Amino acid sequence: METFGATCIPSPSPRTSFGRQVLERDPKSPASLGIAISEAVEAVSQKPGSRYALGSVLNHVLLHQTVVGLETMKQLELAGDAPDILVGCTGGGSNFGGFVFPFLGQQLRGGRNVRIVAVEPAACPSLTKGRYAYDFGDTGGMTPLVKMHTLGADFLPAPFHAGGLRYHGMSPLVSHVKELGLIEARA
């Protein structure tokens, strides 16, 4: 991003009120995506004409990512093969949803049954240990509530954890299909 002229500021930062609050509580905070989202929403809300598009785990991003699953289906078709099981890593769910949803859609329309397993890091087990509830997508409670598997908006993953950009929740769509029993989850 900096190559194209952007300035990248680590979160939490002293540039926002929320970032300063986090740093006052813990000057060495390892941060999280939830904290960064709160700072971004705050910064944009104070600059007239600015907009912030929430992304990552949200439904529109998963739908965009389905190109991955659609391409996989096409390649398997060209090879004359089909999967019995799909296993994918989940952090926030965007890549996983994009990979498996085309197969799940085919299955729901009467196509071949495929076992689908979501595997998540034990350091941030939102699908296997989180509660299915409405929660904020950010730590500061500035975003809309979404129904998802969540460890709580104030959950702070260990600093070594990188899955899902160190995020406390799982995509609403991935959470929903887990609740329906259409996917399995393992930590």
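See the structure printed just above.
Residues numbered from 1 in each chain as written. Predicted model: local features only at pLDDT ≥ 70, side-chain atom pairs only at ≥ 80, totals over all residues. Heavy atoms only, no water.

Enquirer: Is there a simple way to explain helix 6 (residues 172–179) in this structure?
Expert: Each α-helix turn comprises 3.6 residues. Residues three or four places apart therefore point the same way. Among the residues making up helix 6, those that are buried are P172, V174, S175 and V177. Structurally, the start of helix 6 carries an N-cap: the backbone nitrogen of L173 is 3.2 Å from a side-chain oxygen of S171. (Buried < 20%, exposed > 50% of the residue type's maximum accessible area, 1.4 Å probe, protein only. Helix = DSSP H or I, 4+ residues; strand = E, 2+ residues; numbered from the N terminus. Polar contact = N/O pair within 3.5 Å; in protein donor to acceptor, adjacent residues only side chain to side chain.)

Enquirer: I would appreciate a short explanation of the state of the cysteines in the present structure.
Expert: Inspection of the entire model under this criterion finds 0 disulfides. In this structure C124 is not part of a disulfide, and its nearest cysteine sulfur, from C89, lies 13 Å away. (Disulfide = S-S within 2.5 Å.)

Enquirer: Even after reading the chapter, I still don't get the sheet that holds strand 1 (residues 85–89), so can you show me in this structure?
Expert: Either a parallel or an antiparallel arrangement is found when strands of a sheet pair, and the pairing is made through backbone hydrogen bonds. Here 3 strands make up an open sheet; going across it, the order is 1-2-5 and the pairing parallel. One side of each edge strand has no neighbouring strand; the edge strands of this open sheet are strand 1 and strand 5 (184–186). Shown here is a sheet whose adjacent strand axes are inclined to one another by a mean of 25 degrees, direction ignored. Sheet topology places strand 2 (residues 115–119) next to strand 5; 3 bridges connect them, and they run parallel. For V117, the partnering residue across the bridge sits in strand 5 and is E184. Across the sheet, helix 4 (residues 94–108) is in contact with strand 1 and strand 2; its angle to strand 1 comes to roughly 160 degrees. (Pairing = 2+ DSSP bridges. Axes fitted to C-alpha atoms, helices over the stretch in contact; angles between N-to-C directions. Contact = heavy atoms within 4.5 Å.)

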